[in-house]
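Okay, here's what each chain looks like letter by letter:
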Amino acid sequence: MTTAGIILAAGKGTRMKSSLPKMLHMVAGVALVGHAVRIMRIAGIEDITVIVSSDLADSAELREALLPRVKVSVQAAQLGTADALQAARLDVAGADTIVVAPADVILVTDDLVRQMIDQHISSSSLATVLGARVDDPAGLGRIQLDDSGRPSAILEEHEADEQLLLSKLINTAWYCFDNRWIWDELDNVNAADTGEFYLPRVVAAAASDDRSGAVVSNDSDAGLGVNDRVQLSRVESIMRKRTNEAHMASGVTIDDPATTYIDVDVEIGVDTAIGPGSHIGTRSVIGSGVVIGPNTQITDSRIGDNAIIDGARVLDSIVGEGASVGSNAVLRHGAELKPRSKVGNLAEIKNSVIGSGSSVSHFSYVGDAVVGDNVNIGAGTITCNYDGKDKHRTVIEDEVLIGSSTMLIAPITIGKAARTGAGSVVRNDVMAGDTVAGVPAKSIKSK
Ligand code: UD1
Ligand code: CA
């Protein structure tokens, strides 16, 4: 049995009042449409097609939001969810079962999706809907059950009678369909009085063959959609709470979950402790025994075991095992701290490697540099890497001692175990073992 996934994401999302299409709005570091893809992938669906409007089909923003190997098809005019699904017909030709999802209902879990697929297949149903019993069903489609508890129809709020409106059993808009059956049924869907073609209508057709089914979640959150920015923030906070709790369950200490923002798809090792006001961005990998925060931001970075990141920003960088980063330090654009190195308060490291056991003290800037092992860079040192036109590299070899407030005019190499005096302006390479000082710096080593 092969199962393919289809995500309907061509809607206008007008209630967001945004120039950004709804499905590209972010929740916990991932766009809405990316969440739908992610849930399907974790549920085991490899073959996924996303239906979008024509203006977005080739956009870089869409590609960025999707995982690899996700196909994109276009719904030419936004004529409703049944019409949107038509656009995927050829993409899923080889599948037995299709899972269809909206891009805006992302608190459905992969467990529920798997349960829906399993039940759909084992009961040989034509259509299976994922329902949720919710506290507030306002605005959502209601699932009508027959006497045997099977769905007989799904009606939108404006179509439902008074009795059905009392029901809190809503349609999450996640479904399974038999792939040989669904396409003719789509052709039979009539336009609603809004002029749109509603996908949930096909459930009544499956019911008339006694082959409709439902999996119902009692988690009210599973029914929450994102149609406006209030719902966006609600879904975001539930997603974050779930993520924090999953990390705590697997051995991470979070001092104050209410002010700790961890995106989805972050790995964190056991016994890592995260202080209040910390943000960890998607795709970051944090080792075990790491101390993070308070007030720390880490994005797109790898942090080794037992490192300390104390109130710093670490962006697109690597921090080695046992290394430490002081408060208000910034590591960015491919900075790499080797094991046991130290970056002090208010220092900035950009596109540079800091060797193991080396230390870059407070207020220093190290950019486009390679710093060896056991180097000490005094406070206020600057690698002057930019000449107004081009960027240049600085090489500082092992065991060098750079005096405080040294200006290193790149391109430049400071040889092994050399030293610079405090306040030197170093314009030329320094030989291994030499000591230079002054402006411009000259050798002061007695020969
Ligand atoms: C839909 C369901 C409703 C369900 C609710 C769950 C229909 C008619 N109604 O309502 O029963 O309770 O989701 O949140 O399906 N889309 C397209 N092309 C279109 C129209 C929509 O791709 O022409 C996409 C949207 O981008 C969205 C999804 O389909 O991702 C659902 O559309 P939306 O307009 O949000 O439907 P709801 O009114 O929320
Ligand atoms: Ca919706």
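Computed from a predicted structure; not experimentally measured. (Residues numbered from 1 in each chain as written. Chains lettered and ligands numbered in written order. Predicted model: local features only at pLDDT ≥ 70, side-chain atom pairs only at ≥ 80, totals over all residues. Heavy atoms only, no water.)

**With respect to the domain arrangement of the protein chain**
Thought 1: Here the domain parsing of the protein chain yields domain 1 (3-223) and domain 2 (252-443).
Thought 2: Domain 1 and domain 2 are separated by 48 Å when their C-alpha centres are compared.
Thought 3: On the domain 2 side, the residues contacting the five residues of domain 1 number four residues.
Thought 4: Buried surface at the junction of domain 1 and domain 2, both sides included, amounts to about 410 Å², of which 52% is carbon and sulfur. (Domains from an automatic or database assignment. Contact = heavy atoms within 4.5 Å. Buried area = accessible area lost by both parts, 1.4 Å probe.)

**What to know about the coordination of the calcium ion (ligand 2)**
Thought 1: Of the protein atoms, only D104 (OD) and N227 (OD1) coordinate the calcium ion (ligand 2), at distances of 2.3 to 2.6 Å. Separated by 123 residues along the polypeptide, D104 in the loop between strand 6 (97-102) and helix 4 (110-122) and N227 in the loop between strand 11 (212-217) and helix 8 (229-249) bring together distant segments of the chain.
Thought 2: We classify D104 as buried; its relative accessible area is 14%.
Thought 3: We classify N227 as buried; its relative accessible area is 16%. (Donors = N, O, S within 2.8 Å, 3.2 Å for Na, K, Ca; no water. Helix = DSSP H or I, 4+ residues; strand = E, 2+ residues; numbered from the N terminus. Buried < 20%, exposed > 50% of the residue type's maximum accessible area, 1.4 Å probe, protein only.)

**Considering the environment of V400**
Thought 1: Summarising the element assignment, V400 is placed in the loop between strand 35 (394-396) and strand 36 (401-402).
Thought 2: In this structure, the C-alpha to C-alpha distance between V400 and T420, residues 20 residues apart in sequence, is 8.5 Å.

**Focus on the side chain of E185**
Thought 1: Looking at the element boundaries, E185 is found in helix 6 (residues 182-188).
Thought 2: For the buried E185, which has no salt bridge, the nearest side chain bearing the opposite charge is R211, at an N-O separation of 10 Å.
Thought 3: What E185 contacts, discounting residues up to four positions off in sequence, is V202 and A205. (Lys, Arg positive; Asp, Glu negative; His and termini not counted. Salt bridge = Lys/Arg side-chain N within 4 Å of Asp/Glu carboxyl O.)

**Points about the layout of surface pockets**
Thought 1: Estimated volume of the largest pocket: approximately 1400 Å³.
Thought 2: Residue lining of the largest pocket: 49 residues in total, with R15, K22, T81, D104 and N227 positioned closest to the centre.
Thought 3: Counting only elements with at least two residues in the lining of the largest pocket, the list comes to helix 3 (81-86), strand 6, strand 10 (169-178) and helix 8.
Thought 4: Across the lining of the largest pocket, the residue classes tally to 20 nonpolar, 17 polar and twelve charged.
Thought 5: Its volume calculated, the second largest pocket comes out at about 410 Å³.
Thought 6: Along its surface, the second largest pocket is lined by 15 residues, and G29, V30, E64, A65 and R283 are the ones closest to its centre. (1 Å grid on protein atoms, 1.4 Å probe; cavity = no way out; pocket = protein on both sides within 12 Å on 5 of 7 lines; lining within 4 Å. Points joined across faces, edges and corners; volume = space filled by probe spheres on them. Nonpolar A, V, L, I, M, F, W, Y, C, P; charged D, E, K, R; others polar.)

**Some thoughts on unusual backbone geometry**
Thought 1: Backbone torsion omega between G293 and P294 reads 5°, so that peptide bond is classified as cis.
Thought 2: Its location among the elements puts P294 in the loop between strand 18 (291-292) and strand 19 (297-299).
Thought 3: With an omega of -10°, the peptide bond between V439 and P440 qualifies as cis.
Thought 4: Mapped onto the elements of the fold, P440 is located in the loop between strand 41 (435-437) and strand 42 (442-443).
Thought 5: With a phi angle near 50°, S124 is a residue other than glycine that sits in the positive phi range.
Thought 6: Inspection of the secondary structure assignment puts S124 in the loop between helix 4 and strand 7 (127-133).
Thought 7: Looking at S124, the relative accessible area reads 43%, which means it is partly exposed.
Thought 8: Of note, the phi angle at D300 is positive, near 50°, even though the residue is not glycine.
Thought 9: Judged by its relative accessible area of 33%, D300 is partly exposed.

**Looking at the packing of aromatic side chains**
Thought 1: Taken as a whole and judged by the stated rule, the model has one aromatic pair.
Thought 2: Look at Y175 and F177: their rings are 5.3 Å apart centre to centre, the planes differ by 25°, and that puts the pair in the stacked class. Comparing Y175 with F177 shows no difference in burial state: the two are buried.
Thought 3: Sitting above the plane of the Y386 ring, K391 keeps its charged end 5.3 Å from the centroid. (Phe/Tyr/Trp six-rings, centres within 6.5 Å; stacked < 30°, edge-to-face > 60°. Lys NZ or Arg CZ within 6 Å of the ring centre and 35° of its normal.)

**As for the nonpolar core**
Thought 1: Formed by 51 residues in total, the largest nonpolar core has its most connected members in I7, M23, V33, V50, V99 and W174.
Thought 2: Every residue in contact with V33, bar those within four places of it in the chain, is listed here: I7, A9, M23, L24, V50, A65, L66 and A103.
Thought 3: With 44 residues, the next largest nonpolar core counts V325, V360, V371 and I402 among its residues. (Core = buried A, V, L, I, M, F, W, Y, C linked by side-chain atoms within 4.5 Å.)

**Thoughts on the side chain of E236**
Thought 1: Summarising the element assignment, E236 is placed in helix 8.
Thought 2: The exposure class of E236 is buried, given its relative accessible area of 19%.
Thought 3: Side-chain polar atoms of E236 contact the backbone nitrogen of A28, separated by 3.2 Å.
Thought 4: Contacts of E236, omitting those with residues within four sequence positions, involve M26, V27 and A28. (Polar contact = N/O pair within 3.5 Å; in protein donor to acceptor, adjacent residues only side chain to side chain.)

**Describing the site of ligand 1**
Thought 1: Around ligand 1, 24 residues are found, and the nearest of them are L8, A10, Q75, E156 and N171.
Thought 2: One of the backbone N or O atoms of A10 is found 2.8 Å from an oxygen atom in ligand 1.
Thought 3: Contacts to ligand 1 include G11, whose backbone N or O atom sits 2.8 Å from an oxygen atom.
Thought 4: Its free accessible area being 760 Å², ligand 1 has 88% of it covered by the protein chains.
Thought 5: Put simply, ligand 1 lies in the largest pocket.
Thought 6: For the shell around ligand 1, the secondary structure elements donating two or more residues are helix 3 and strand 10.
Thought 7: With three residues, the single largest contributor to the shell around ligand 1 is strand 10.
Thought 8: Here the residues of the shell around ligand 1 are counted per class, giving twelve nonpolar, nine polar and three charged. (Near = heavy atom within 4 Å. Areas by Shrake-Rupley, 256 points an atom, 1.4 Å probe, with all protein chains shown as cover. Sits in = over half its atoms within 2 Å of the grid points.)

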